[in-house]
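Architecture at a glance
Residues per chain, in single letters:
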Amino acid sequence: MSETTIKAVFFDIGNVLLHFNPAEVLREVAGAIGRHPIKVARYLWTSNKIEALERGEFGTDELFRLFQEELGYDGTFAQFRKLWCDHFRPERKTVSMLRAVSKRVDTYLLSNTHALHYDYIKQHYAFPKHIRAAVLSHELGMRKPEARIFEAALKIAKVSAEQAVFIDDLKPNVEAARKVGFHAILYKDPDDLRRRLVDLGVL
């Protein structure tokens, strides 16, 4: 049991609550537009399109237009939405933990994401109904592992860093949260997470 009273727990989404394999998505997208996955990856990542999208520098309509005009996608928006979003698979044990934690302390999401993905997630999964708020990169214009997104999360939750827990599958994000003062957990699997949350007194 932690000596510090935990008042807020922040969950990352990708590969914590929802499994997500970028390579598989890339192959599907590349197949749909008839291009090699490496060329699509180079366009999306080396041009910083994904980072800009997650910072909210452009939105869903612009993303669809980019795929049409710059990558030659000729499907409908509904088809594009399914292609871009229908690849999440829930980690049911972690989702169950989020529900349990939310009954004891205020629970939040803290994620690098964008409007199209998060709108889809809210429509298809129940866990957003159990949170107090979502701290999302595209709404704030900042991304993990920047310190300022963790500082913004604390302001939203109205807690100090030592009263907050952050869970993420990426080491740089966990290390950044720790520098701000969070109790930060590097997500490995549901069983390890459960033990750590029990030790912190939130399960």
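Notes on the structure follow. (Residues numbered from 1 in each chain as written. Predicted model: local features only at pLDDT ≥ 70, side-chain atom pairs only at ≥ 80, totals over all residues. Heavy atoms only, no water.)

What to know about the overall build of the chain
Helix and strand content of the chain: 11 helices and seven strands. Its C-alpha radius of gyration of 18 Å places the chain within 12% of the 17 Å reference for a compact globule of 203 residues. Projected onto its principal axes, the C-alpha coordinates of the chain cover approximately 55 × 30 × 25 Å. When the 203 residues of the chain are sorted by exposure, 49% land in the buried category. (Helix = DSSP H or I, 4+ residues; strand = E, 2+ residues; numbered from the N terminus. Rg over C-alpha atoms; globule rule 2.2 N^0.38 Å. Buried < 20%, exposed > 50% of the residue type's maximum accessible area, 1.4 Å probe, protein only.)

Details of the pairing of strand S1 (residues 8-11)
Where burial is concerned, the two faces of S1 agree: the one with Ala8 and Phe10 and the one with Val9 and Phe11 are both buried. In this structure, S1 lies alongside strand S4 (residues 106-111), joined through four bridges in parallel fashion. Within S4, the residue paired with Val9 across the bridge is Thr107. Where S1 and strand S6 (residues 164-168) come together, four bridges link them in parallel fashion. What sits directly across from Val9, in S6, is Val165. (Pairing = 2+ DSSP bridges.)

Description of the packing of helix H6 (residues 92-102) against helix H11 (residues 190-199)
Following both chains from N to C, one finds H6 and H11 inclined at 20°, their axes separated by 9 Å at the closest point. Here H6 lies roughly parallel to H11, going by the angle between them. Between H6 and H11 lies a crossing whose hand is right-handed. Contacts between H6 and H11 involve Lys93, Thr94, Met97 and Val101 from the first element and Pro190, Asp191, Leu193, Arg194 and Leu197 from the second. Counted by class, the contact of H6 with H11 contains five nonpolar, one polar and three charged residues. (Axes fitted to C-alpha atoms, helices over the stretch in contact; angles between N-to-C directions. Parallel < 35°, antiparallel > 145°, perpendicular 65-115°, else oblique. Left-handed = near helix turned anticlockwise from the far one by under 90°. Contact = heavy atoms within 4.5 Å. Nonpolar A, V, L, I, M, F, W, Y, C, P; charged D, E, K, R; others polar.)

Things to note about helix H4 (residues 60-71)
Count 3.6 residues to each turn of an α-helix, and residues three or four apart come out pointing the same way. With 12 residues, H4 extends 16 Å from end C-alpha to end C-alpha; this agrees with the ideal 16 Å at 1.5 Å per step. For H4, every residue scored as buried is listed here: Thr60, Leu63, Phe64, Leu66, Phe67 and Leu71. In an axial view of H4, the angular spread of the buried residues amounts to 155°, which keeps them on one side of the axis. Exposed and oriented more than 90 degrees from the buried face of H4 are Asp61 and Glu69. On its buried face, H4 is in contact with helix H1 (22-33), helix H2 (37-46), helix H3 (49-54), helix H5 (77-85) and helix H7 (115-124). Following H4 by one or two positions, Gly72 adopts a phi angle in the positive range, close to 80°. (Expected span 1.5 Å × (residues − 1). Arc of directions from axis to C-beta.)

Notes on the sheet that holds strand S7 (residues 183-186)
The strand order S5-S4-S1-S6-S7 describes an open sheet built from five strands, whose pairing is parallel. A single partner strand is all that each edge strand has here, and the edge strands are strand S5 (133-136) and S7. Neighbouring strand axes in the sheet, compared pairwise and without regard to direction, differ in orientation by 20° on average. Most of the contacts of helix H9 (residues 147-157) go to S4, to which it runs at about 155°, and overall it touches S1, S4, S5 and S6. Strands S6 and S7 of the sheet are contacted by helix H10 (residues 171-180), whose axis makes an angle of about 170° with S7.

Details of the packing of aromatic side chains
Both the distance between ring centres and the angle between the ring planes are used here to describe each pair of aromatic rings. Applying the stated criterion across every chain, the model contains 14 aromatic pairs. The rings of Phe64, Phe67, Tyr73, Phe77, Phe80 and Trp84 are connected pair by pair, giving a single aromatic cluster. (Phe/Tyr/Trp six-rings, centres within 6.5 Å; stacked < 30°, edge-to-face > 60°.)

Concerning the packing of H9 against H10
Each pair of packed helices can be summarised by the angle the axes make with each other and by the distance between the axes. Across the interface, H9 lies against H10 with an axial gap of 9 Å and an inter-helix angle of 60°. Classified by the angle their axes make, H9 and H10 are oblique. For the element pair H9 and H10, the recorded crossing hand is right-handed. Between H9 and H10, the contacting residues are Ala147, Phe150, Glu151 and Leu154 on the first element and Asn173, Ala176, Ala177 and Val180 on the second. When grouped by side-chain class, the residues that make up the contact of H9 with H10 number six nonpolar, one polar and one charged.

Observations concerning the environment of Thr60
Positionally, Thr60 belongs in helix H4. Residue classification places Thr60 among the buried positions, given a relative accessible area of 19%. Residues Thr60 and Tyr187, spaced 127 residues apart in sequence, show a C-alpha to C-alpha distance of 30 Å. When neighbours within four sequence positions are excluded, Thr60 is seen to be in contact with Phe77, Ala115 and Leu116.

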